[in-house]
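Analysis of the macromolecular model
If you want the building blocks of each chain, they are given just below.
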Number of protein chains: 2
Amino acid sequence: MGELAYLNGNYMPIECAKIPVEDRGLQFGDSLYEVIRLYGGAPFRAGGHLERMRAGARVVGLPEDCIDVLPEVVEELARRSGFGDAFVYIQVTRGVCPRIHAFPSGLQPTVIGTVRPFDRLPEELYVEGATAYAEPDIRWGRRDVKATTLLPNILAATRVARKGGYDAVLVEEDGTITEGTVSNLFAVIDGILRTHPVGERILSGITRAAVIEAASNKGVEVLEESFRIQDLDRATELFFTNTYCEVLPVVRVDDHVVGEGAPGPVSRTLLEGFRDIVRRETGSA
Amino acid sequence: MGELAYLNGNYMPIECAKIPVEDRGLQFGDSLYEVIRLYGGAPFRAGGHLERMRAGARVVGLPEDCIDVLPEVVEELARRSGFGDAFVYIQVTRGVCPRIHAFPSGLQPTVIGTVRPFDRLPEELYVEGATAYAEPDIRWGRRDVKATTLLPNILAATRVARKGGYDAVLVEEDGTITEGTVSNLFAVIDGILRTHPVGERILSGITRAAVIEAASNKGVEVLEESFRIQDLDRATELFFTNTYCEVLPVVRVDDHVVGEGAPGPVSRTLLEGFRDIVRRETGSA
């Protein structure tokens, strides 16, 4: 049936799904979201995405029970769309009320879902490696909460895209690299695979966790310890992980060439390992 | 006629104003807003609000010409509503497109306006003074841009409201007080009236600027220099300024009593001075 939306209990064409202008998601960014990948029509780790949303709901004080309906919504959007490679986007807002900062209790959350097909990234990007650009990390302090307060992300992502890059390398004031605007980041530095530890400074990525599992499966040690922009001088590999790109090697950050300027063995191994996991869990990759 | 909305060229009841779920304002917080006070039906400094929105549009790359219609929208919402004391809320989003972080060029912005009546704060709050609570300032780095990425604001505002406070005193990691979640903040410390300088760390408030003018009119010197939470020990007065409260004395921050625990002469003088300006410009106060 193709692209469609879910809104507060009903399925409909995406263009028919409309929300009131006084929805707090629109007026305050008062909402959480998740993007779930379908492989051959099967959602990959929808449970992990929804658990993360539940954790976010506890932080921001959204009633958790609005998430109870979402496993079925994800399944239904996948089934009704008939898509193989696709994304299910879900968003839960605090609900609708006359504009006031402090939220009243008892609001009825707005629950939104959409499904759209996905064109995989061109294979040559994996063969040649992507370019990234450093951007200051000026996001709010709770990046572990997957909220729609994404303006800093989209501004950085747009600057990078205009230059032909895949994503930003977000750098805090002290030089610490956190992640990308839509990705987590891993680097091989002095022969050790490193990635920023989870906590309030980064999103605890579903793909990130699966890649750490893949590393374990493949006998690659991972150190969850942050690194700085100046450490990239000693990096032999760098790669983004997310639901879209899976494991995407980065061969250049601004003018700096990473390692030999070509995708390295660790990222190749972990992309394979990640796809093994996807194949095992969804029957497709 | 009462409460009503404007949406992309049309006026309608608020509940009829609906936007697509793929509006970037909803999915990314990719939008700017302003809240304009009506006094006796006349907008106060609508031009200043719209200039600030224009400045924000330049920062986030929104086409400025979508703001050109807004002076008329503000006037029309004021006129059609028939309200005396009220607020016009305006919001401009990047527009509607299938979800992608880097925004495509050429999108048609969504332009929203609403008007709702306003109940003034109880007079006793000005007589007795308000309570504030310190909260960590974990907002993004561009607070000068009045964007709808407000989740950190509303979480702090809600915690404060649940405790009976008026607003938060937002404190950065180094102890610097920036402002409130909906207000700018002034303090009299060692006999000098101080407020955080404009720049990327605070919103350049319309009321803040008018209060600085009022101070000049009344012969009160203002130092635009930040202060820290520990400086409040030496503060004899503290007050919030914004479009809702105008000039609201704060007599307690958490358990700390400010000065004598009662509104002081500077805040009283500046509230009068601010209302003089409003009266002069709108014919009402």
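Since we're looking at a predicted model, the values are computed, not measured. Think of each chain on its own: its residues are numbered from 1, step by step along the sequence as written. Going through the entries in the order they are written, you letter the chains from A and number the ligands from 1. Selection of residues for local features in this predicted model requires a pLDDT of at least 70, selection of side-chain atom pairs for listing and counting requires 80 or more, and totals for whole chains, interfaces and linings are taken over all residues. In computing side-chain values, all of the structure's heavy atoms are included and hydrogens and water are not.

Comment: elements are numbered from the N terminus, with helices defined as DSSP H or I runs of at least four residues and strands as E runs of at least two. Scanning chain A from terminus to terminus reveals 7 helices and 17 strands. Both definitions apply: the radius of gyration is a C-alpha atom measure, and the globule rule equals 2.2 Å times residues to the power 0.38. The C-alpha atoms of chain A give 19 Å as radius of gyration, which agrees with the globular expectation for 285 residues (19 Å, within 12%). Viewed in the frame of its principal axes, chain A has a C-alpha envelope of about 55 × 40 × 35 Å. Type-normalised accessible area, obtained with a 1.4 Å probe on protein chains alone, sets the label of each residue: buried when under 20%, exposed when over 50%, and partly exposed for intermediate values. A burial count over chain A gives 60% of its 285 residues as buried.

Moving on, we get to the packing of aromatic side chains. Aromatic pairing here means that ring centres of Phe, Tyr or Trp (its six-membered ring) are within 6.5 Å. Orientation follows from the plane angle: under 30 degrees is stacked, over 60 is edge-to-face, and everything else is tilted. Following the criterion strictly, the structure yields 18 aromatic pairs over all chains and no others. In this structure an aromatic cluster arises from ring pairing among Tyr39, Phe44 and Phe274 of chain A. Our definition puts a charge over a ring when NZ of Lys or CZ of Arg is within 6 Å of the ring centre and also within 35 degrees of the ring normal. Here the guanidinium or amino end of Arg80 of chain B rests over the ring plane of Tyr11 of chain B, the centre of that ring lying 4.0 Å away. The ring of Phe103 of chain B carries Arg94 of chain B above its face, with NZ or CZ at 3.5 Å from the centroid.

Moving on, we get to the domain arrangement of chain A. All names here are of chain A. Domain parsing of chain A yields domain 1 (4–117) and domain 2 (123–282). Relative placement of domain 1 and domain 2: their C-alpha centres are 26 Å apart. With 21 residues of domain 1 at the contact, the number on the domain 2 side is 21 residues. When two components associate, each loses some accessible surface as probed by a 1.4 Å sphere; the sum of these losses over both components is called the buried area. Together, the buried faces of domain 1 and domain 2 total about 1900 Å²; carbon and sulfur atoms form 62% of this surface. When the buried surface of domain 1 facing domain 2 is broken down by residue, Tyr33, Arg45 and Arg52 rank first, second and third, together holding 35% of it. Counted as salt bridges are all cases of a side-chain nitrogen of Lys or Arg within 4 Å of a carboxyl oxygen of Asp or Glu. For the pair domain 1 and domain 2, the number of links is 3 salt bridges. Pairs of N or O atoms are called polar contacts if they sit within 3.5 Å, as long as, within protein, a hydrogen donor faces a hydrogen acceptor (for residues adjacent in sequence, only side-chain-to-side-chain pairs). Applying the counting rule to domain 1 against domain 2 returns 8 residue pairs in polar contact (both at pLDDT 80 or more). For the side of domain 1 that touches domain 2, the elements supplying multiple residues, two or more each, are strand 4 (31–39), strand 5 (42–43), helix 2 (46–60) and strand 6 (86–93). Each domain's extent was defined by an automatic or database domain assignment. Residue contacts follow a heavy-atom distance rule, with two residues in contact if any of their heavy atoms lie within 4.5 Å.

What follows concerns the interface of chain B and chain A. With 54 residues of chain B at the contact, the number on the chain A side is 54 residues. Summed over both sides, the interface of chain B with chain A buries roughly 4300 Å², with 67% coming from carbon and sulfur. At the junction of chain B and chain A, the tally comes to 2 salt bridges. Across the salt bridge formed by Glu22 of chain A and Arg116 of chain B, the nearest N and O atoms sit 2.6 Å from each other.

Relative to the elements of secondary structure, Thr114 of chain B occurs in strand 7 (residues 110–117). For Thr114 of chain B, a relative accessible area of 3% corresponds to the buried category. Dropping the residues within four chain positions of it, Thr114 of chain B is found in contact with Val21 and Glu22 of chain A together with Leu4, Ala5, Ile14, Leu77, Phe87, Val88 and Tyr89 of chain B.

Okay, the sheet that holds strand 7 of chain B next. All names here are of chain B. When DSSP finds at least two bridges between two strands, those strands are taken to pair. Strand order across the open sheet formed by 6 strands is 2-1-7-6-4-5, with antiparallel pairing between neighbours. The open sheet has two edge strands with one neighbour each: strand 2 (10–12) and strand 5 (42–43). In this sheet, strand 5 lies alongside strand 4 (residues 31–39) in antiparallel orientation, the contact comprising 2 bridges. In the strand pairing of strand 5, Tyr39 is matched with Ala42. Against the sheet, helix 2 (residues 46–60) contacts strand 4, strand 5 and strand 6 (86–93), and its axis sits at roughly 175 degrees relative to strand 4. Angles here are taken between N-to-C directions and fall from 0 to 180 degrees, while the axes themselves are lines fitted to C-alpha atoms, restricted in helices to the stretch in contact.

This paragraph deals with the sheet that holds strand 5 of chain A. Residue and element names in this part refer to chain A. Read across the sheet, 6 strands follow the order 2-1-7-6-4-5 without closing on themselves; strand pairing throughout is antiparallel. Pairing within the sheet leaves two strands with one partner each, and these edge strands are strand 2 (10–12) and strand 5. Together, strand 1 (4–7), strand 2, strand 4, strand 5, strand 6 and strand 7 (110–117) form the strand contacts of helix 3 (residues 70–81), whose direction differs from that of strand 1 by roughly 155 degrees.

A few words now on the pattern of salt bridges. All names here are of chain A. What the rule picks out here adds up to 63 salt bridges over all chains. A salt bridge links Arg143 to Asp137, with the nearest nitrogen and oxygen atoms 3.3 Å apart. This pair shows no difference in class: Arg143 is buried, exactly as Asp137 is. The network of salt bridges with common partners includes Asp137, Arg139, Arg143, Glu172, Glu179 and Arg201.

Each α-helix turn comprises 3.6 residues. Residues three or four places apart therefore point the same way. Compared with the 21 Å implied by 1.5 Å per residue over 15 residues, the 21 Å span of helix 2 of chain B between its first and last C-alpha is a close match. Looking only at helix 2 of chain B, the buried set comprises Ala46, His49, Leu50, Arg52, Met53, Arg54, Gly56, Ala57 and Val60 of chain B. Those residues of helix 2 of chain B that are buried lie in contact with helix 5 (151–162) of chain A together with strand 4, strand 5, helix 3 (70–81), strand 6 and helix 6 (206–218) of chain B. Phi turns positive, to about 75 degrees, at Gly61 of chain B, one or two residues after helix 2 of chain B. An expected span of 1.5 Å times one less than the residue number is assigned to each helix.

This part is about the relation of the copies chain B and chain A. To line up the copies, we fit them by least squares on C-alpha atoms, keeping just the residues with pLDDT of at least 70 in both. Turning chain B through 180 degrees and shifting it by 0.0 Å along the axis lays it on chain A, with an RMSD of 0.0 Å. Such a combination of rotation and displacement between the chain copies is what one expects of a two-fold axis. Both copies present the same face, since 100% of the interface residues in chain B are matched by interface residues at the equivalent positions in chain A.

Further remarks concern helix 3 of chain A. Residue and element names in this part refer to chain A. Helix length check: helix 3 (12 residues) gives 16 Å between terminal C-alpha atoms against 16 Å at 1.5 Å per residue, within 8%. Residues of helix 3 that are buried: Leu70, Val73, Val74, Glu76, Leu77, Ala78 and Ser81. Immediately downstream of helix 3, the backbone of Gly82 shows phi near 75 degrees, a positive value.

Residue and element names in this part refer to chain B. Structurally, the position occupied by Thr282 is in helix 7 (residues 265–282). At 2.7 Å, the side chain of Thr282 forms a polar contact with the backbone oxygen of Ser284. Beyond its immediate chain neighbours, meaning those up to four positions away, Thr282 contacts Tyr39, Ala42, Pro43 and Phe44.

The disulfide definition used here is simple: a pair of cysteine sulfur atoms within 2.5 Å. Per the stated rule, a full pass over the model turns up 0 disulfides over all chains. We note that Cys16 of chain A lacks a disulfide partner, and the nearest cysteine sulfur, in Cys16 of chain B, lies 17 Å from it. Residue Cys16 of chain A is classed as partly exposed on the basis of its relative accessible area of 47%. Take Cys66 of chain A: it sits in no disulfide, and the sulfur closest to it among the cysteines is that of Cys97 of chain A, at 15 Å.

Turning to the environment of Ile229 of chain B, a few remarks are in order. With respect to the helices and strands, the residue Ile229 of chain B is situated in the loop between strand 14 (227–228) and strand 15 (235–242). Ignoring anything within four residues of it in the chain, the contact list for Ile229 of chain B reads Ala134, Val169, Val171, Gly175 and Ile177 of chain B.

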